[in-house]
Amino acid sequence: MSTLETRKSSWWATKAELGPRQREVLEQLTETPSGLTAWQLSEILGRLVHAVRPRLCELAKIGLIKTTGVRWQPKTARSEAVWVVNQQPGQMEMWGGNQ
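Computed from a prediction, not measured in an experiment: that's the story for all the values here. The numbering scheme is per chain: residues are counted from 1 as the chain's sequence reads. Local features in this predicted model are restricted to residues whose pLDDT is 70 or higher, and side-chain atom pairs enter the listing and the counts only when it is 80 or higher, whereas totals over whole chains, interfaces and linings include all residues. As a rule here, side-chain values come from all non-hydrogen atoms in the structure, and water together with hydrogens is ignored.

Draft legend 1. Focus on the overall build of the protein. By the criteria applied, helices consist of DSSP H or I runs no shorter than four residues and strands consist of E runs no shorter than two, each listed in order from the N terminus. When helices and strands are counted, the protein shows five helices and two strands. For the protein, the succession of helices and strands along the chain, N to C, is α-α-α-α-β-β-α. Out of the 99 residues belonging to the protein, those deemed buried represent 34%. Working rule for contacts: check all heavy atoms of both residues, and any pair within 4.5 Å makes them a contact. For the protein, restricting intrachain contacts to residue pairs at least 6 apart in sequence, the fraction spanning at least 24 positions comes to 50%. When the accessible surface of the protein is summed, it comes to about 6100 Å², and 52% of that surface belongs to carbon and sulfur atoms. Throughout, exposure labels follow a simple rule: accessible area from a 1.4 Å probe, protein chains only, divided by the maximum for the residue type, with under 20% read as buried, over 50% as exposed, and the rest as partly exposed. Accessible areas in this description were obtained via Shrake-Rupley with a 1.4 Å probe; residue shielding takes into account the shown protein chains only.

What follows is the structure, given as structure tokens:
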């Protein structure tokens, strides 16, 4: 089995273990390469921000997403982390990108 096949196998095993809200957040981040804040995700997904933030932390803990900076959040008058998919070498193929 090649390294890419091993990565794909590992990715699908991880994805199968993700809960529905984790998958929902991960898929939205995959569709938005520039990244999103928790507030932006909550608005897009139609969920409370308090339901989105824990999913972000869970996905970051297992290495699927990461923060890349901050954006000003007018609703809270604070800066907020911008989250993106953690693209390791070869990961775009696993996500279905660069086809």
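Next, the rest of the story.
Draft legend 2. Examining the side chain of Glu80 more closely. Counting through the fold element by element, Glu80 comes out in strand 2 (residues 78-85). With a relative accessible area of 10%, Glu80 lands in the buried category. Here a polar contact is recorded for every N or O atom pair within 3.5 Å, except that within protein the pair must consist of a potential hydrogen donor and a potential acceptor, and residues adjacent in sequence are included only if both atoms are side-chain atoms. There is a polar contact of 3.1 Å between the side chain of Glu80 and the backbone nitrogen of Ala38. Setting aside residues up to four positions removed in sequence, Glu80 forms contacts with Thr37, Ala38, Trp39, Arg53, Gly69, Val70, Arg71 and Gln73.

Draft legend 3. Focus on the pairing of strand 1 (residues 65-73). Bridge analysis of strand 1 against strand 2 gives eight bridges, and the strand direction is antiparallel. Its bridge partner lying in strand 2, Lys66 is registered against Val84. As consecutive antiparallel partners, strand 1 and strand 2 are separated by four residues, and within that stretch Ala77 has a phi angle of approximately 55 degrees, a positive value. Pairing between strands requires that DSSP locate at least two bridges from one strand to the other.

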